[in-house]
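Spelled out from the first residue to the last, the chains are:
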Amino acid sequence: MNPTMTPEEEKNTVPVRRATPVFPIQENPAPATGGVPALAVKNLSVYFGKNQVLKNISLNVQSCAVTAIIGPSGCGKSTFLRALNRMHELVPEAHMTGDIRLFGDDIYERHIEPVIVRRRVGMVFQKSNPFPTMSIAENVTVGLRLNGMRDKKNLAERTEQSLRMGALWDEVKDRLHAPAISLSGGQQQRLCIARALAVQPEVLLMDEPASALDPLATSKIE
Amino acid sequence: MTAPNHRWRNIKNVLMQVITFTCAILVVTPLILVFYHLVQLGFSSINLAFFTQLPKPVGEVGGGMANAIVGTFVLLTQAAVLGVPIGVLGGVFLSEYGTSRLNWWIRFAADILNGVPSITWGIVVYALIVMPMHGFSALAGGAVLGMMMIPLVMRTSEEVLQLVPGGYREAALALGIAKWKTIVQIVVRTALKGIVTGVLLALARVAGETAPLLFTAFGNRFWAHKLTEPIAAMPLQIFVYAISPYDDWHRQAWAGALVLLMFMLVINIGVRFLTRDRFQKKT
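Residues numbered from 1 in each chain as written. Chains lettered and ligands numbered in written order. Predicted model: local features only at pLDDT ≥ 70, side-chain atom pairs only at ≥ 80, totals over all residues.

Digging into the overall build of chain B
Within chain B, the secondary structure is distributed over twelve helices and zero strands. Taken from the N to the C terminus, the helices and strands of chain B come in the order α-α-α-α-α-α-α-α-α-α-α-α. By the compact-globule yardstick of 19 Å for 283 residues, chain B is too spread out, its C-alpha radius of gyration being 24 Å. If one aligns the C-alpha atoms of chain B with their principal axes, the spans along those axes are about 75 × 65 × 35 Å. Of all 283 residues assigned to chain B, the portion counted as buried reaches 39%. Considering only intrachain contacts with a sequence separation of at least 6, the fraction spanning at least 24 residues in chain B is 72%. (Helix = DSSP H or I, 4+ residues; strand = E, 2+ residues; numbered from the N terminus. Rg over C-alpha atoms; globule rule 2.2 N^0.38 Å. Buried ≥ 20, exposed ≤ 12 C-beta atoms within 10 Å, placed from the backbone. Contact = placed C-beta atoms within 7 Å.)

What follows is the structure, encoded as C-alpha coordinates:
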(Lines give C-alpha, C1' and ligand atoms only; values in the text may rest on other atoms or scores of the structure.)
Protein backbone atom coordinates (compact mmCIF):
# COMPACT_ATOMS: atom_id res chain seq x y z
CA MET A 1 0.00 0.00 0.00
CA ASN A 2 2.86 2.36 0.64
CA PRO A 3 5.58 1.82 -1.94
CA THR A 4 7.77 4.51 -0.42
CA MET A 5 8.39 2.51 2.70
CA THR A 6 11.22 0.09 2.99
CA PRO A 7 10.26 -3.34 4.30
CA GLU A 8 11.96 -2.45 7.54
CA GLU A 9 9.81 0.61 8.05
CA GLU A 10 6.74 -1.26 7.07
CA LYS A 11 7.41 -3.70 9.84
CA ASN A 12 6.64 -0.97 12.31
CA THR A 13 3.51 0.33 10.70
CA VAL A 14 0.17 -1.25 10.17
CA PRO A 15 -1.88 1.24 8.23
CA VAL A 16 -5.46 0.18 8.71
CA ARG A 17 -7.98 1.50 6.25
CA ARG A 18 -11.72 1.49 6.90
CA ALA A 19 -13.18 -0.47 9.74
CA THR A 20 -16.42 -2.37 9.57
CA PRO A 21 -16.78 -4.01 12.91
CA VAL A 22 -20.51 -4.70 12.66
CA PHE A 23 -19.80 -7.14 9.87
CA PRO A 24 -18.15 -10.46 10.41
CA ILE A 25 -14.47 -9.80 10.74
CA GLN A 26 -12.02 -11.95 8.86
CA GLU A 27 -8.66 -12.73 10.20
CA ASN A 28 -5.95 -10.79 8.50
CA PRO A 29 -4.70 -12.94 5.63
CA ALA A 30 -1.13 -11.70 5.94
CA PRO A 31 1.20 -14.43 7.15
CA ALA A 32 2.21 -14.24 10.75
CA THR A 33 5.82 -13.35 11.36
CA GLY A 34 5.90 -15.46 14.43
CA GLY A 35 5.41 -14.39 18.00
CA VAL A 36 2.62 -12.18 19.27
CA PRO A 37 0.36 -10.20 16.93
CA ALA A 38 0.84 -6.43 16.77
CA LEU A 39 -2.71 -5.93 17.93
CA ALA A 40 -4.91 -8.58 19.52
CA VAL A 41 -8.49 -7.39 19.90
CA LYS A 42 -10.78 -9.59 21.96
CA ASN A 43 -14.52 -9.08 22.51
CA LEU A 44 -14.31 -5.34 21.95
CA SER A 45 -17.54 -3.41 22.45
CA VAL A 46 -17.74 0.39 22.38
CA TYR A 47 -20.68 2.38 23.69
CA PHE A 48 -21.62 6.02 23.32
CA GLY A 49 -23.84 6.50 26.33
CA LYS A 50 -26.31 3.64 26.12
CA ASN A 51 -25.86 3.22 22.39
CA GLN A 52 -23.69 0.21 21.59
CA VAL A 53 -21.71 1.04 18.47
CA LEU A 54 -19.32 -1.87 18.26
CA LYS A 55 -20.47 -5.35 19.17
CA ASN A 56 -18.07 -7.95 20.40
CA ILE A 57 -15.25 -7.69 17.93
CA SER A 58 -12.27 -9.99 17.95
CA LEU A 59 -9.43 -9.56 15.51
CA ASN A 60 -5.69 -10.13 15.30
CA VAL A 61 -3.52 -7.73 13.34
CA GLN A 62 -0.12 -9.05 12.35
CA SER A 63 3.00 -6.96 12.49
CA CYS A 64 4.86 -6.08 9.28
CA ALA A 65 1.57 -6.12 7.44
CA VAL A 66 -1.00 -3.79 6.01
CA THR A 67 -4.51 -4.51 7.16
CA ALA A 68 -7.41 -2.78 5.49
CA ILE A 69 -10.88 -2.57 6.95
CA ILE A 70 -13.75 -1.82 4.61
CA GLY A 71 -17.37 -0.99 5.28
CA PRO A 72 -20.17 1.43 4.55
CA SER A 73 -20.29 4.91 6.00
CA GLY A 74 -21.32 5.05 9.65
CA CYS A 75 -20.65 1.40 10.44
CA GLY A 76 -18.02 2.13 13.08
CA LYS A 77 -14.70 1.97 11.24
CA SER A 78 -13.40 5.14 12.85
CA THR A 79 -14.75 4.17 16.25
CA PHE A 80 -12.91 0.87 15.99
CA LEU A 81 -9.65 2.58 15.08
CA ARG A 82 -10.03 5.13 17.83
CA ALA A 83 -10.50 2.38 20.40
CA LEU A 84 -7.09 1.02 19.35
CA ASN A 85 -5.20 4.09 20.63
CA ARG A 86 -7.74 5.18 23.24
CA MET A 87 -8.72 8.27 21.26
CA HIS A 88 -12.39 7.49 21.88
CA GLU A 89 -11.79 8.53 25.50
CA LEU A 90 -11.89 12.16 24.34
CA VAL A 91 -15.65 11.74 23.99
CA PRO A 92 -16.90 11.96 27.57
CA GLU A 93 -19.80 9.51 27.25
CA ALA A 94 -17.86 6.83 25.38
CA HIS A 95 -16.69 3.68 27.09
CA MET A 96 -15.51 0.26 26.03
CA THR A 97 -15.39 -3.31 27.23
CA GLY A 98 -13.09 -6.08 26.06
CA ASP A 99 -9.40 -6.55 25.78
CA ILE A 100 -6.86 -5.01 23.41
CA ARG A 101 -3.23 -6.04 23.50
CA LEU A 102 -0.40 -4.25 21.73
CA PHE A 103 2.43 -6.72 21.26
CA GLY A 104 1.09 -8.51 24.30
CA ASP A 105 0.63 -5.40 26.52
CA ASP A 106 -2.86 -4.59 27.70
CA ILE A 107 -3.40 -1.00 26.57
CA TYR A 108 -6.35 -0.55 28.92
CA GLU A 109 -4.54 -1.68 32.02
CA ARG A 110 -5.32 0.59 34.92
CA HIS A 111 -1.99 2.33 35.41
CA ILE A 112 -1.33 2.78 31.68
CA GLU A 113 -1.71 6.39 30.59
CA PRO A 114 -3.37 6.98 27.20
CA VAL A 115 -0.39 9.19 26.32
CA ILE A 116 1.90 6.14 26.47
CA VAL A 117 -0.44 4.11 24.27
CA ARG A 118 -0.68 6.88 21.70
CA ARG A 119 3.09 7.17 21.46
CA ARG A 120 3.15 3.53 20.36
CA VAL A 121 0.02 3.63 18.20
CA GLY A 122 0.04 6.61 15.83
CA MET A 123 -2.90 7.92 13.88
CA VAL A 124 -3.55 9.85 10.67
CA PHE A 125 -6.94 11.45 10.28
CA GLN A 126 -9.41 11.79 7.47
CA LYS A 127 -8.98 15.54 7.27
CA SER A 128 -5.43 16.82 7.07
CA ASN A 129 -4.62 18.96 10.09
CA PRO A 130 -1.06 20.33 10.11
CA PHE A 131 -0.56 22.83 12.91
CA PRO A 132 -1.09 26.27 11.37
CA THR A 133 1.33 28.12 13.65
CA MET A 134 4.26 25.90 12.74
CA SER A 135 6.53 25.49 9.74
CA ILE A 136 6.79 22.28 7.73
CA ALA A 137 9.83 21.10 9.67
CA GLU A 138 8.31 22.05 13.02
CA ASN A 139 5.20 20.07 12.18
CA VAL A 140 7.24 16.95 11.51
CA THR A 141 9.23 17.19 14.72
CA VAL A 142 6.53 18.49 17.06
CA GLY A 143 5.83 15.05 18.54
CA LEU A 144 9.51 14.54 19.28
CA ARG A 145 10.16 18.03 20.59
CA LEU A 146 7.19 18.08 22.95
CA ASN A 147 8.26 14.69 24.24
CA GLY A 148 11.66 16.06 25.17
CA MET A 149 13.98 15.58 22.17
CA ARG A 150 16.25 18.63 21.90
CA ASP A 151 19.24 17.51 19.82
CA LYS A 152 19.06 19.57 16.62
CA LYS A 153 21.05 17.15 14.47
CA ASN A 154 18.86 14.28 15.53
CA LEU A 155 15.70 16.27 14.82
CA ALA A 156 16.96 17.27 11.37
CA GLU A 157 17.70 13.64 10.57
CA ARG A 158 14.26 12.58 11.69
CA THR A 159 12.68 15.35 9.64
CA GLU A 160 14.31 14.18 6.44
CA GLN A 161 13.70 10.51 7.14
CA SER A 162 10.01 11.05 7.95
CA LEU A 163 9.37 13.36 5.01
CA ARG A 164 11.00 10.82 2.69
CA MET A 165 8.71 8.11 4.06
CA GLY A 166 5.75 10.43 3.49
CA ALA A 167 6.92 10.97 -0.13
CA LEU A 168 7.14 14.70 0.48
CA TRP A 169 10.86 15.35 0.93
CA ASP A 170 11.67 16.26 -2.69
CA GLU A 171 8.86 18.79 -2.83
CA VAL A 172 9.61 20.61 0.41
CA LYS A 173 13.33 20.17 1.08
CA ASP A 174 14.04 23.75 -0.02
CA ARG A 175 11.34 25.34 2.06
CA LEU A 176 11.26 23.44 5.32
CA HIS A 177 10.67 26.66 7.22
CA ALA A 178 7.68 27.78 5.17
CA PRO A 179 4.33 27.63 6.98
CA ALA A 180 2.77 24.18 6.79
CA ILE A 181 -0.53 25.50 5.54
CA SER A 182 1.13 26.96 2.46
CA LEU A 183 1.18 23.37 1.15
CA SER A 184 -1.57 21.95 -1.05
CA GLY A 185 -4.21 19.65 0.41
CA GLY A 186 -2.49 16.47 -0.72
CA GLN A 187 0.89 17.69 0.49
CA GLN A 188 -0.64 18.62 3.86
CA GLN A 189 -1.95 15.11 4.26
CA ARG A 190 1.43 13.62 3.41
CA LEU A 191 2.94 16.02 5.95
CA CYS A 192 0.53 14.65 8.55
CA ILE A 193 1.65 11.12 7.69
CA ALA A 194 5.29 12.19 8.04
CA ARG A 195 4.43 13.82 11.37
CA ALA A 196 2.86 10.59 12.62
CA LEU A 197 5.84 8.52 11.38
CA ALA A 198 8.39 10.82 13.01
CA VAL A 199 7.60 9.54 16.50
CA GLN A 200 8.20 5.99 15.18
CA PRO A 201 5.00 4.34 16.30
CA GLU A 202 4.78 0.57 16.36
CA VAL A 203 1.38 0.67 14.71
CA LEU A 204 0.01 3.39 12.46
CA LEU A 205 -3.74 3.77 12.17
CA MET A 206 -4.96 5.56 9.07
CA ASP A 207 -8.55 6.69 9.05
CA GLU A 208 -9.34 7.17 5.35
CA PRO A 209 -6.45 9.56 4.90
CA ALA A 210 -7.12 9.93 1.18
CA SER A 211 -10.89 10.36 1.22
CA ALA A 212 -10.82 14.10 0.69
CA LEU A 213 -8.16 14.07 -2.00
CA ASP A 214 -8.12 13.76 -5.77
CA PRO A 215 -6.93 10.46 -7.31
CA LEU A 216 -3.48 11.81 -8.13
CA ALA A 217 -2.79 12.92 -4.58
CA THR A 218 -4.24 9.65 -3.37
CA SER A 219 -1.87 7.59 -5.47
CA LYS A 220 1.08 9.53 -4.07
CA ILE A 221 0.01 8.79 -0.55
CA GLU A 222 -0.53 5.15 -1.35
CA MET B 1 -41.58 40.23 -18.10
CA THR B 2 -42.79 42.76 -15.56
CA ALA B 3 -45.47 41.20 -13.46
CA PRO B 4 -47.75 43.75 -11.76
CA ASN B 5 -46.35 43.11 -8.27
CA HIS B 6 -42.77 43.23 -9.47
CA ARG B 7 -42.52 47.00 -9.25
CA TRP B 8 -43.77 47.11 -5.67
CA ARG B 9 -41.22 44.47 -4.82
CA ASN B 10 -38.45 46.58 -6.26
CA ILE B 11 -39.61 49.60 -4.30
CA LYS B 12 -39.62 47.59 -1.09
CA ASN B 13 -36.14 46.40 -1.91
CA VAL B 14 -34.79 49.91 -2.37
CA LEU B 15 -36.65 51.10 0.72
CA MET B 16 -35.03 48.47 2.92
CA GLN B 17 -31.64 49.30 1.51
CA VAL B 18 -32.12 52.99 2.29
CA ILE B 19 -33.33 52.29 5.84
CA THR B 20 -30.47 49.95 6.73
CA PHE B 21 -27.92 52.30 5.15
CA THR B 22 -29.28 55.20 7.20
CA CYS B 23 -28.96 53.16 10.38
CA ALA B 24 -25.39 52.21 9.47
CA ILE B 25 -24.55 55.89 9.00
CA LEU B 26 -26.20 56.71 12.34
CA VAL B 27 -23.86 54.23 14.01
CA VAL B 28 -20.79 55.98 12.66
CA THR B 29 -22.02 59.55 13.17
CA PRO B 30 -21.39 59.78 16.93
CA LEU B 31 -17.78 58.71 16.47
CA ILE B 32 -17.25 61.40 13.86
CA LEU B 33 -19.02 64.00 16.02
CA VAL B 34 -17.05 63.09 19.14
CA PHE B 35 -13.79 63.05 17.29
CA TYR B 36 -14.49 66.36 15.50
CA HIS B 37 -15.57 68.03 18.72
CA LEU B 38 -12.57 66.80 20.70
CA VAL B 39 -10.10 67.82 18.04
CA GLN B 40 -11.69 71.25 17.76
CA LEU B 41 -11.64 71.94 21.50
CA GLY B 42 -8.73 69.87 22.70
CA PHE B 43 -6.12 69.90 19.98
CA SER B 44 -4.95 73.46 20.65
CA SER B 45 -4.16 72.56 24.29
CA ILE B 46 -2.01 69.57 23.43
CA ASN B 47 1.65 70.47 23.61
CA LEU B 48 4.83 69.09 25.06
CA ALA B 49 4.01 70.46 28.51
CA PHE B 50 0.77 68.51 28.52
CA PHE B 51 2.74 65.24 28.41
CA THR B 52 5.67 66.27 30.61
CA GLN B 53 4.47 68.61 33.37
CA LEU B 54 2.45 68.25 36.54
CA PRO B 55 -0.82 70.16 36.91
CA LYS B 56 -0.26 73.80 37.86
CA PRO B 57 -2.09 75.32 40.84
CA VAL B 58 -5.34 77.11 40.15
CA GLY B 59 -4.75 80.53 38.61
CA GLU B 60 -1.51 79.59 36.90
CA VAL B 61 -1.96 78.88 33.22
CA GLY B 62 -0.27 75.86 31.65
CA GLY B 63 0.98 72.67 33.18
CA GLY B 64 0.09 69.20 32.03
CA MET B 65 -1.17 65.77 32.91
CA ALA B 66 2.07 63.82 32.98
CA ASN B 67 1.20 62.27 36.34
CA ALA B 68 -2.24 61.19 35.09
CA ILE B 69 -0.85 59.66 31.91
CA VAL B 70 1.76 57.72 33.85
CA GLY B 71 -0.86 56.90 36.49
CA THR B 72 -3.18 55.38 33.91
CA PHE B 73 -0.36 53.17 32.64
CA VAL B 74 0.57 52.15 36.20
CA LEU B 75 -3.05 51.23 36.91
CA LEU B 76 -3.39 49.34 33.62
CA THR B 77 -0.18 47.42 34.27
CA GLN B 78 -1.48 46.31 37.65
CA ALA B 79 -4.84 45.46 36.15
CA ALA B 80 -3.16 43.35 33.46
CA VAL B 81 -0.99 41.54 36.02
CA LEU B 82 -4.10 40.59 37.95
CA GLY B 83 -6.64 40.16 35.15
CA VAL B 84 -4.76 38.56 32.26
CA PRO B 85 -3.43 35.35 33.85
CA ILE B 86 -6.62 34.64 35.78
CA GLY B 87 -8.82 35.51 32.82
CA VAL B 88 -6.85 33.53 30.24
CA LEU B 89 -6.40 30.47 32.45
CA GLY B 90 -10.09 30.59 33.38
CA GLY B 91 -10.90 30.68 29.68
CA VAL B 92 -8.61 27.69 29.13
CA PHE B 93 -10.48 25.80 31.81
CA LEU B 94 -13.86 26.58 30.26
CA SER B 95 -12.72 25.63 26.80
CA GLU B 96 -10.49 22.61 27.49
CA TYR B 97 -11.43 21.01 30.79
CA GLY B 98 -14.74 21.86 32.45
CA THR B 99 -17.88 19.79 32.24
CA SER B 100 -20.82 21.36 30.46
CA ARG B 101 -22.83 21.74 33.66
CA LEU B 102 -20.04 23.44 35.60
CA ASN B 103 -19.20 25.59 32.58
CA TRP B 104 -22.78 26.76 32.37
CA TRP B 105 -22.56 28.15 35.90
CA ILE B 106 -19.15 29.73 35.40
CA ARG B 107 -20.24 31.40 32.16
CA PHE B 108 -23.42 32.57 33.84
CA ALA B 109 -21.43 34.12 36.68
CA ALA B 110 -18.96 35.74 34.27
CA ASP B 111 -21.75 37.22 32.17
CA ILE B 112 -23.37 38.70 35.25
CA LEU B 113 -20.01 40.13 36.34
CA ASN B 114 -19.63 41.68 32.89
CA GLY B 115 -22.92 43.45 33.47
CA VAL B 116 -22.13 44.73 36.97
CA PRO B 117 -22.07 48.56 36.88
CA SER B 118 -18.55 49.85 37.27
CA ILE B 119 -19.48 52.00 40.26
CA THR B 120 -20.53 48.83 42.07
CA TRP B 121 -17.07 47.39 41.49
CA GLY B 122 -15.68 50.58 43.00
CA ILE B 123 -17.72 50.27 46.18
CA VAL B 124 -16.86 46.59 46.59
CA VAL B 125 -13.14 47.22 46.26
CA TYR B 126 -13.48 50.22 48.58
CA ALA B 127 -14.83 47.86 51.24
CA LEU B 128 -12.38 45.05 50.46
CA ILE B 129 -9.13 46.96 50.05
CA VAL B 130 -9.39 50.69 50.76
CA MET B 131 -11.02 50.38 54.20
CA PRO B 132 -8.68 47.66 55.56
CA MET B 133 -5.67 49.61 54.25
CA HIS B 134 -7.00 52.87 55.71
CA GLY B 135 -6.50 54.87 52.56
CA PHE B 136 -6.94 55.24 48.84
CA SER B 137 -4.15 53.68 46.84
CA ALA B 138 -2.88 52.82 43.40
CA LEU B 139 -3.07 49.18 44.46
CA ALA B 140 -6.81 49.45 45.03
CA GLY B 141 -7.22 51.19 41.66
CA GLY B 142 -5.28 48.49 39.85
CA ALA B 143 -7.22 45.81 41.70
CA VAL B 144 -10.61 47.16 40.69
CA LEU B 145 -9.65 47.47 37.03
CA GLY B 146 -8.07 44.01 37.10
CA MET B 147 -11.18 42.48 38.63
CA MET B 148 -13.27 44.07 35.91
CA MET B 149 -10.96 42.61 33.29
CA ILE B 150 -11.16 39.01 34.53
CA PRO B 151 -14.63 38.10 33.21
CA LEU B 152 -14.04 40.04 29.98
CA VAL B 153 -10.76 38.30 29.25
CA MET B 154 -12.10 34.93 30.33
CA ARG B 155 -15.07 34.98 27.98
CA THR B 156 -13.15 36.20 24.95
CA SER B 157 -10.34 33.73 25.62
CA GLU B 158 -12.82 30.91 25.88
CA GLU B 159 -14.48 31.91 22.64
CA VAL B 160 -11.28 32.09 20.61
CA LEU B 161 -10.02 28.82 22.12
CA GLN B 162 -13.26 27.15 21.08
CA LEU B 163 -12.62 28.32 17.52
CA VAL B 164 -9.49 26.17 17.34
CA PRO B 165 -10.63 23.11 15.38
CA GLY B 166 -10.81 19.90 17.42
CA GLY B 167 -8.69 18.19 14.78
CA TYR B 168 -5.58 19.95 16.06
CA ARG B 169 -6.16 18.70 19.59
CA GLU B 170 -6.72 15.16 18.31
CA ALA B 171 -3.66 15.30 16.07
CA ALA B 172 -1.47 16.41 18.97
CA LEU B 173 -2.88 13.84 21.40
CA ALA B 174 -2.49 11.09 18.78
CA LEU B 175 1.23 11.97 18.64
CA GLY B 176 1.43 11.03 22.31
CA ILE B 177 1.73 14.65 23.48
CA ALA B 178 0.45 15.19 27.02
CA LYS B 179 -2.76 17.14 27.38
CA TRP B 180 -1.31 20.22 29.08
CA LYS B 181 1.43 20.45 26.45
CA THR B 182 -1.20 20.12 23.74
CA ILE B 183 -3.13 22.98 25.29
CA VAL B 184 -0.14 25.28 25.75
CA GLN B 185 1.83 24.50 22.61
CA ILE B 186 -0.94 23.78 20.12
CA VAL B 187 -4.30 25.16 21.21
CA VAL B 188 -3.26 28.39 22.96
CA ARG B 189 -0.58 29.04 20.35
CA THR B 190 -3.11 28.72 17.54
CA ALA B 191 -5.52 31.05 19.33
CA LEU B 192 -2.87 33.47 20.59
CA LYS B 193 -3.77 36.37 18.32
CA GLY B 194 -7.38 36.17 19.41
CA ILE B 195 -6.39 36.05 23.08
CA VAL B 196 -4.11 39.09 22.70
CA THR B 197 -6.92 40.91 20.91
CA GLY B 198 -9.30 40.14 23.76
CA VAL B 199 -6.78 41.34 26.33
CA LEU B 200 -6.15 44.61 24.47
CA LEU B 201 -9.86 45.30 24.07
CA ALA B 202 -10.42 44.59 27.77
CA LEU B 203 -7.58 46.98 28.63
CA ALA B 204 -9.09 49.65 26.39
CA ARG B 205 -12.43 49.09 28.03
CA VAL B 206 -11.15 49.57 31.61
CA ALA B 207 -8.70 52.34 30.65
CA GLY B 208 -11.61 54.76 30.36
CA GLU B 209 -13.28 53.79 33.62
CA THR B 210 -13.81 56.69 36.00
CA ALA B 211 -16.41 55.67 38.53
CA PRO B 212 -14.57 52.75 40.20
CA LEU B 213 -11.40 54.85 40.46
CA LEU B 214 -13.22 57.54 42.46
CA PHE B 215 -13.39 55.11 45.38
CA THR B 216 -10.01 53.49 44.95
CA ALA B 217 -7.18 55.33 43.17
CA PHE B 218 -8.83 58.62 44.15
CA GLY B 219 -6.60 60.83 42.00
CA ASN B 220 -3.53 62.85 42.86
CA ARG B 221 -2.26 66.23 41.68
CA PHE B 222 1.34 65.12 42.20
CA TRP B 223 3.48 62.10 41.43
CA ALA B 224 2.62 58.99 43.39
CA HIS B 225 5.84 57.47 44.69
CA LYS B 226 4.41 54.31 46.19
CA LEU B 227 1.63 51.97 45.16
CA THR B 228 0.07 52.54 48.57
CA GLU B 229 -0.48 56.23 47.78
CA PRO B 230 -3.42 57.66 45.83
CA ILE B 231 -2.57 57.94 42.15
CA ALA B 232 -3.79 60.11 39.28
CA ALA B 233 -5.51 58.67 36.22
CA MET B 234 -6.58 60.30 32.98
CA PRO B 235 -10.33 59.74 33.31
CA LEU B 236 -10.26 61.01 36.90
CA GLN B 237 -8.30 64.09 35.95
CA ILE B 238 -10.66 64.80 33.06
CA PHE B 239 -13.61 64.45 35.42
CA VAL B 240 -12.15 66.83 38.01
CA TYR B 241 -11.13 69.39 35.38
CA ALA B 242 -14.42 69.22 33.50
CA ILE B 243 -16.56 70.01 36.55
CA SER B 244 -14.21 72.78 37.73
CA PRO B 245 -15.10 76.43 37.10
CA TYR B 246 -11.77 77.37 35.44
CA ASP B 247 -11.40 77.88 31.69
CA ASP B 248 -7.83 76.67 31.61
CA TRP B 249 -8.82 73.42 33.31
CA HIS B 250 -11.67 72.98 30.84
CA ARG B 251 -9.20 73.24 27.98
CA GLN B 252 -7.00 70.64 29.63
CA ALA B 253 -9.99 68.36 30.15
CA TRP B 254 -10.74 68.50 26.41
CA ALA B 255 -7.13 67.78 25.62
CA GLY B 256 -7.14 64.86 28.06
CA ALA B 257 -10.29 63.44 26.50
CA LEU B 258 -8.71 63.70 23.07
CA VAL B 259 -5.55 61.91 24.23
CA LEU B 260 -7.64 59.17 25.82
CA LEU B 261 -9.60 58.73 22.59
CA MET B 262 -6.41 58.60 20.55
CA PHE B 263 -5.15 55.94 22.95
CA MET B 264 -8.25 53.82 22.27
CA LEU B 265 -7.83 54.41 18.56
CA VAL B 266 -4.23 53.21 18.68
CA ILE B 267 -5.27 50.08 20.59
CA ASN B 268 -8.02 49.32 18.12
CA ILE B 269 -5.78 49.85 15.13
CA GLY B 270 -3.24 47.60 16.83
CA VAL B 271 -5.92 44.94 17.23
CA ARG B 272 -6.90 45.20 13.57
CA PHE B 273 -3.27 44.87 12.64
CA LEU B 274 -2.80 41.81 14.84
CA THR B 275 -5.89 40.03 13.58
CA ARG B 276 -5.16 40.69 9.93
CA ASP B 277 -3.53 37.26 9.78
CA ARG B 278 -1.32 36.57 6.92
CA PHE B 279 -1.28 32.83 6.76
CA GLN B 280 -3.53 31.58 9.50
CA LYS B 281 -6.64 29.41 9.26
CA LYS B 282 -7.50 28.73 5.69
CA THR B 283 -10.01 26.09 6.74
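Examining the overall build of chain A
What chain A contains, in helices and strands, is eight helices and eight strands. The burial tally for chain A puts 42% of its 222 residues in the buried class. Taking as baseline every contact in chain A between residues at least 6 positions apart, the subset at least 24 positions apart corresponds to 75%.

Regarding the pairing of strand S5 (residues 94-102) of chain A
Residue and element names in this part refer to chain A. Bridging between strand S2 (residues 39-48) and S5 involves eight bridges; their strand directions are antiparallel. In the sheet register, Ser45 faces S5, and the bridge partner there is Thr97. Sheet topology places S5 next to strand S6 (residues 105-106); two bridges connect them, and they run antiparallel. Along S6, the bridge assignment pairs Leu102 with Asp105. The hairpin formed by S5 and S6 contains two residues between the paired strands, and Phe103 there has a positive phi angle of roughly 45°. (Pairing = 2+ DSSP bridges.)

Describing the sheet that holds S6(A)
Adjacent strands of a sheet pair through backbone hydrogen bonds, lying either parallel or antiparallel. Overall, antiparallel pairing links the four strands, which are arranged S3-S2-S5-S6 (chain A) in an open sheet. The open sheet has two edge strands, strand S3 (51-61) and S6 of chain A, and neither has a second partner.

Some words on the domain arrangement of chain B
Frequently, the measure chosen for interface size is the accessible area that the parts lose on association. All names here are of chain B. Domains assigned within chain B are domain 1 (6-45) and domain 2 (50-274). Relative placement of domain 1 and domain 2: their C-alpha centres are 31 Å apart. Contact residues are listed per partner, giving seven residues for domain 1 and eight residues for domain 2. For the side of domain 1 that touches domain 2, the per-class residue count stands at five nonpolar, two polar and no charged. (Domains from an automatic or database assignment. Nonpolar A, V, L, I, M, F, W, Y, C, P; charged D, E, K, R; others polar.)

Topic: the interface of chain B and chain A
Every contact between the two is made by 19 residues of chain B and, on the other side, 24 residues of chain A. Elements with a contribution of two residues or more to the side of chain B that touches chain A: helix H7 (166-174) and helix H8 (179-190) of chain B. Per-element tally for the side of chain B that touches chain A: the top contributor is H7(B), with six residues. In terms of residue class, the side of chain B that touches chain A is made up of nine nonpolar, five polar and five charged.

A word on helix H5 (residues 152-165) of chain A
Residue and element names in this part refer to chain A. Relative to the 20 Å expected for 14 residues at 1.5 Å per residue, H5 spans 20 Å between its end C-alpha atoms, a close match to the ideal helical length. Buried within H5 are the following residues: Arg158, Thr159, Ser162, Leu163 and Met165. One side of H5 carries all its buried residues, which in axial view fall inside an arc of 150°. Turned more than 90 degrees from where H5 packs its buried face, Lys153 and Glu157 sit exposed. (Expected span 1.5 Å × (residues − 1). Arc of directions from axis to C-beta.)

Topic: the packing of H7(B) against H8(B)
Residue and element names in this part refer to chain B. Between H7 and H8, the shortest axis-to-axis distance is 10 Å and the interhelical angle comes to 155°. Taken together, H7 and H8 sit at an angle that is classed as roughly antiparallel. Regarding H7 and H8, the two cross each other, and that crossing is right-handed. Residues Tyr168, Arg169, Ala172 and Leu173 of H7 form the contact with H8, whose participating residues are Thr182, Ile186, Val187 and Thr190. (Axes fitted to C-alpha atoms, helices over the stretch in contact; angles between N-to-C directions. Parallel < 35°, antiparallel > 145°, perpendicular 65-115°, else oblique. Left-handed = near helix turned anticlockwise from the far one by under 90°.)

Digging into the packing of helix H3 (residues 66-97) of chain B against helix H9 (residues 192-207) of chain B
All names here are of chain B. Where H3 contacts H9, the two axes come as close as 10 Å, and the packing angle between them is 135°. Considering the angle they form, H3 stands oblique to H9. Crossing handedness for the pair H3 and H9: right-handed. In this structure, H3 contributes Thr72, Leu76, Ala79, Ala80, Gly83, Val84 and Val88 to the contact, and H9 contributes Ile195, Val199, Ala202, Leu203, Val206 and Ala207. Here the contact of H3 with H9 is built from residues that sort into eleven nonpolar, two polar and no charged.

Quick look at the environment of Ser135(A)
All names here are of chain A. Here Ser135 lies in the loop between strand S7 (121-124) and helix H4 (136-145). For Ser135, a count of 18 C-beta atoms within 10 Å gives the class partly exposed. Considering only alpha carbons, one finds Ser135 and Ile70, 65 residues apart in sequence, at a separation of 34 Å. Setting aside residues no more than four positions away along its own chain, Ser135 makes contact with Leu176, His177, Ala178, Pro179 and Ala180.

Some details on helix H2 (residues 77-84) of chain A
Residue and element names in this part refer to chain A. In terms of burial, H2 is a largely internal element, seven of the eight residues being buried. Listing the buried residues of H2 in full gives Lys77, Thr79, Phe80, Leu81, Arg82, Ala83 and Leu84. Among the residues trailing H2, Arg86 stands out with phi positive, at a value near 60°.

Digging into unusual backbone geometry
Residues and elements named next belong to chain A. Despite not being glycine, Cys64 shows a phi value in the positive range, around 55°. Along the chain, Cys64 falls in the loop between S3 and strand S4 (67-68). You can call Cys64 partly exposed: it has 17 C-beta atoms within 10 Å. If you check the backbone angles, Phe103 has positive phi at about 45° while not being a glycine. On the basis of neighbour counts, which here come to 15 C-beta atoms within 10 Å, the residue Phe103 falls in the partly exposed class.

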